[in-house]
Amino acid sequence: MQRSIGSSRSWSTLFVSVILLATQMVQASIDLDLESQESIKKAAKIAASGMLQYYTGYKPGDVPGNLPDPYYWWETGAMFNAMVEYWYYTGDSQWNEITTQALLHQVGPEHNYMEPNQTRTLGNDDQAFWGLAAMAAAEVKFPNPPKDKPQWLALAQGVFNSQYPRWDNKSCNGGLKWQVFSFNNGYNYKNTVSNGCFFNLAARLAVYTGNRTYAEWAEKTWDWVYNVGLISNTWEFFDGTDDKYNCTDLNHIRWTYNAGLFLLGAAHMYHFTDRSDIWKTRVENIIRGLDIFFPIGDIMSEVACEPNGKCNVDQRSFKAYLSRWMSHTIQIAPFTKDLLTPKLRASAEAAALQCSGPDNACGLRWNRNETFDGSTGVGEQMAALEIFQGHLVSYVDKRVTANTGGISKGDPNAGTGKSDEDSVGIHERVISTGDRVGAGILTAVIVIGAMSAVYFMAV
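Residues numbered from 1 in each chain as written. Predicted model: local features only at pLDDT ≥ 70, side-chain atom pairs only at ≥ 80, totals over all residues. Heavy atoms only, no water.

## Overview of the overall build of the protein chain
Here is the rule we go by: Where helices and strands are cited, they refer to DSSP runs of H or I of at least four residues and of E of at least two residues respectively, numbered from the N terminus. Only protein chains enter the calculation, and the probe is 1.4 Å; a residue is then buried if its accessible area is under 20% of its type maximum, exposed if over 50%, and partly exposed in between. Here, residues are in contact when the closest pair of their heavy atoms is within 4.5 Å. Throughout, the Shrake-Rupley method with a 1.4 Å probe supplies accessible areas, and for residues the shown protein chains are the sole cover considered.
Across its full length, the protein chain carries 15 helices and 3 strands. Here the protein chain, with 459 residues, has 54% of them falling under the buried criterion. Across the protein chain, contacts joining residues at least 24 apart in sequence account for 69% of those joining residues at least 6 apart. Summed over all atoms, the accessible surface of the protein chain reaches about 21,000 Å², with 52% contributed by carbon and sulfur.

## With respect to the packing of helix α3 (residues 73-90) against helix α13 (residues 378-389)
What counts, and what does not: Orientation is described by lines fitted to C-alpha atoms, with helices fitted over the stretch in contact, and by angles between N-to-C directions that extend from 0 to 180 degrees. Note on terminology: angles under 35 degrees are roughly parallel, angles over 145 are roughly antiparallel, angles of 65 to 115 are roughly perpendicular, and the others are oblique. A clockwise turn of the near helix away from the far one marks a right-handed crossing, whereas an anticlockwise turn of less than a right angle marks a left-handed crossing. Polar here means any residue other than Ala, Val, Leu, Ile, Met, Phe, Trp, Tyr, Cys and Pro, which are nonpolar, and Asp, Glu, Lys and Arg, which are charged; Gly is therefore polar.
One can describe the packing of α3 onto α13 by two numbers: an axis separation of 10 Å at closest approach and a directional angle of 30 degrees. Looking at the two axes, α3 sits roughly parallel to α13. The crossing of α3 and α13 is left-handed. Every residue of α13 that contacts α3 at Glu75, Ala78, Met79, Ala82, Met83, Glu85, Tyr86 and Tyr89 is listed here: Val378, Gly379, Met382, Leu385, Glu386 and Gln389. Considered class by class, the residues forming the contact of α3 with α13 number 9 nonpolar, 2 polar and 3 charged.

## Side note on the packing of aromatic side chains
What counts here: Aromatic pairing here means that ring centres of Phe, Tyr or Trp (its six-membered ring) are within 6.5 Å. Orientation follows from the plane angle: under 30 degrees is stacked, over 60 is edge-to-face, and everything else is tilted.
Tallying each qualifying case throughout the model produces 36 aromatic pairs. With a centroid separation of 4.9 Å and an interplanar angle of 75 degrees, the aromatic rings of phenylalanine 160 and tyrosine 214 are classed as edge-to-face. Remark: tyrosine 214 occurs in helix α8 (residues 212-228) and phenylalanine 160 occurs in helix α6 (residues 152-163); sequence separation between them is 54 residues. As far as burial versus exposure is concerned, phenylalanine 160 and tyrosine 214 are alike and both buried. Following the ring pairs from residue to residue traces out a cluster consisting of Trp74, Phe129, Trp255, Tyr257, Phe318, Tyr321 and Trp325.

## Digging into the sheet that holds strand β3 (residues 250-254)
Let me state the cut-off plainly: Here, any two strands with at least 2 DSSP bridges between them count as paired.
Taken in spatial order, the 3 strands make up an open sheet running β1-β2-β3, and their pairing is antiparallel. The sheet is open, and its two borders are formed by β1 (189-191) and β3, each paired with just one other strand. For this sheet the average axis-to-axis angle between neighbouring strands, irrespective of direction, equals 20 degrees. Summarising the sheet, β1 and strand β2 (residues 238-242) pair through 3 bridges and their orientation is antiparallel. By the bridge assignment for β2, asparagine 191 is matched with glycine 240.

## Considering the side chain of glutamine 106
Put simply, the rule reads: Pairs of N or O atoms are called polar contacts if they sit within 3.5 Å, as long as, within protein, a hydrogen donor faces a hydrogen acceptor (for residues adjacent in sequence, only side-chain-to-side-chain pairs).
Summarising the element assignment, glutamine 106 is placed in the loop between α4 (96-105) and α5 (124-139). Polar contacts involving the side chain of glutamine 106 include one to the main-chain carbonyl oxygen of proline 64, which spans 2.8 Å. Discounting chain neighbours no more than four positions away, the residues touching glutamine 106 are Val63, Pro64, Gly65, Asn66, Trp73, Tyr113, Glu115 and Trp130.

## Let's talk about the side chain of serine 408
Position of serine 408 relative to the elements: it lies in the loop between α13 and α14 (420-424). The exposure class assigned to serine 408 is buried, which follows from its relative accessible area of 10%. At 3.4 Å, the side chain of serine 408 forms a polar contact with the backbone nitrogen of tryptophan 152. Only 2.9 Å separates the side chain of serine 408 from the backbone nitrogen of leucine 153, close enough to count as a polar contact. Setting aside its immediate chain neighbours within four residues, serine 408 contacts Ala138, Asn144, Gln151, Trp152, Leu153 and Tyr208.

## Some thoughts on the pattern of salt bridges
To be explicit about the condition: The salt bridge definition used is simple: a Lys or Arg side-chain nitrogen within 4 Å of an Asp or Glu carboxyl oxygen.
For the structure shown, the criterion picks out 15 salt bridges. Between lysine 418 and glutamate 110 there is a salt bridge; the shortest N-O distance is 3.3 Å. In this pair, lysine 418 sits in the loop between α13 and α14 while glutamate 110 sits in the loop between α4 and α5, placing the two residues 308 residues apart along the sequence. Overall, the relative accessible area of 47% leaves lysine 418 in the partly exposed class. Across the pair aspartate 298 and lysine 343 runs a salt bridge, and its minimum N-O distance is 3.9 Å. Of this pair, aspartate 298 sits in the loop between α10 (277-289) and α11 (318-332) while lysine 343 sits in helix α12 (residues 337-354); the two residues are 45 residues apart in sequence, bridging distant segments of the chain. In this structure lysine 343 comes out as buried when scored by relative accessible area, which is 9%. One connected set of salt bridges, linked through shared partners, spans Asp291, Asp298 and Lys343.

## A closer look at the state of the cysteines
Quick note on the threshold: In this description, the term disulfide denotes a pair of cysteine sulfurs within 2.5 Å.
Inspection of the entire model under this criterion finds 3 disulfides. The disulfide partner of cysteine 172 is cysteine 247, and the S-S distance across this bridge is 2.0 Å. Its S-S torsion of about 80 degrees marks the bond between cysteine 172 and cysteine 247 as right-handed, since a negative value means left-handed. Residue cysteine 172 is found in the loop between α6 and β1, and its partner cysteine 247 is found in the loop between β2 and β3; the two are separated by 75 residues along the sequence. The residues cysteine 172 and cysteine 247 share a single accessibility class, namely buried. The disulfide partner of cysteine 355 is cysteine 362, and the S-S distance across this bridge is 2.0 Å. Negative torsions about the S-S bond denote left-handed disulfides, and the value of about 105 degrees found for cysteine 355 with cysteine 362 makes this one right-handed. The buried category is assigned to cysteine 355, whose relative accessible area is 0%. Residue classification places cysteine 362 among the buried residues on the basis of a relative accessible area of 0%.

## Focus: the nonpolar core
Selection rule: Throughout, nonpolar core names a set of buried Ala, Val, Leu, Ile, Met, Phe, Trp, Tyr and Cys residues whose side chains join them through atoms within 4.5 Å.
Within the largest apolar cluster, 138 residues are counted, with the highest numbers of intra-cluster contacts made by Tyr321 and Phe388. Among the elements that take part in this core, α3 stands out by supplying 12 residues, more than any other.

Given below as C-alpha cells:
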C-alpha cells in the first residue's frame with residue numbers, strides 16, 4: 001500500500017514537472033503594439049538582446065568583430081549595422097561601446113575593411129557589408145570614434161575606393177566579381193549582391209557628400225546589372241552569372257537582400273536626382289517585384305529556402321536586410337510609405353508571434369505564426385529586430401548628409417595607394433640570384449645521387 005501511494009506521488013510529481021518544463025519552453029510571444037513607440041522599443045530590445053547572446057567578441061581573449069562558428073565574418077558587420085540602427089531608432093546606448101569596438105577592430109591596415117585574417121572569406125560583398133555599417137553610422141550620427149581612429153564616413157569611402165578599381169571589363173562588359181582574390185572559390189562568379197552592395201554604397205555616398213562621381217558609378221552599376229539580365233522583366237533580381245560563359249548563363253534564384261539593396265540604392269538615386277521620374281519609376285517597379293517575397297498576407301518569406309526548410313546560416317539573416325532597407329526607403333523616398341507599410345506591419349506582427357521560443361527566441365518562418373518553428377540564431381534575431389525597429393522611422397530625426405548636420409569626417413582618398421594584395425600582405429616571392437644558385441646546387445646533388453644509385457645497382 002505504501003509502495004502504491006509512493007508510486008502515485010512520483011507520477012504526479014513527474015506530470016507536474018513536464019507541464020512546468022513545457023510552459024518554460026513555449027513562452028508567450030512578444031506583445032507588439034505598432035501604435036506604441038514604447039511597445040516597439042521593448043520588442044526591439046528583446047530581439048537585440050537575444051541576438052547579442054551569440055556574440056562574445058568583447059570578452060577578454062576573444063576577437064572583437066567576430067562571431068563564433070558557424071557564422072562568417074561578413075554577418076558580424078551586418079549585425080553591428082543592426083545595432084547602429086537600434087541606437088538610432090530607440091536611443092538605447094547600452095551596446096554602443098561594443099558596437100564601436102567591433103566596427104573599428106576589423107578595419108584592416110588600410111582602413112577599408114580589408115582584414116588580413118579574412119582573406120579566405122573576403123568577397124566584395126563581405127567587405128561591403130562592413131562598409132555599409134560604417135555608412136549607416138555616418139548617416140545617423142552614431143557617436144564618432146576617437147580622433148586617432150578612422151572615422152565612419154572615411155571607412156565607407158575606403159571601401160568604395162578599394163572596390164571601383166576591381167570593375168572588370170575583361171568579361172561581360174563590366175561588373176564586379178564575387179571574390180576579391182583569384183585563389184578563392186567563386187572568383188569567376190559575378191553576383192548580384194556584390195554589385196548591389198556597390199550600387200547601394202555609391203548611391204548613399206552620392207547623397208551624403210553631394211559628389212557626382214559616386215552617382216555616376218551607381219548609374220553605371222545599375223545599367224550593367226540590368227543589361228546583363230540580372231533584373232527580370234517582372235523586376236525580380238536573380239542571384240548572379242558566370243563570367244566564364246560571358247555572363248550568358250544566369251542563376252535565377254531570388255533572395256530578399258538583393259531586392260533590398262537595389263530598392264534603397266534606387267531610392268537614394270531618386271533623392272540625388274531631385275526626384276527624377278526615371279528613378280521614381282524604378283523604385284515603384286522594384287516594390288512591385290517584392291511581391292514574390294510576401295506570398296501570404298503580406299508576410300515576408302525567404303521563398304527560395306523557407307518553404308523547404310533548407311535556409312543555411314547566411315540565408316536565415318537575409319530578411320533582416322530587406323526589412324532594414326524598406327524602412328530606410330520610406331524615409332529617403334516618402335512616396336513609398338503607402339506601398340511598403342502594409343508589408344512591414346503584417347511582417348512585424350507575424351514575427352512577434354514567432355518570438356515565443358525560450359527567452360523569447362525568434363523563429364524564422366513568420367508566416368507560420370501559429371507556433372514557434374524552433375529555428376534560432378543570429379539571423380533569426382536580427383530579422384525580427386529590424387522588422388520591429390523600422391516602425392520607429394516616423395518618430396526619429398531624418399538621417400543626415402554632410403550639408404544637413406552630418407558630423408562624420410570623410411577622406412576622399414581613403415583606402416587608396418596600395419593594391420589589394422599589398423593591403424592584406426599577400427606577396428609573390430621574388431626569386432633572387434641566390435635562390436637560383438641554391439636551386440641549381442640542389443638539382444645537381446639530386447642528379448648525382450640518382451646516377452650513383454644506378455651505378456651501385458648495376459654493380
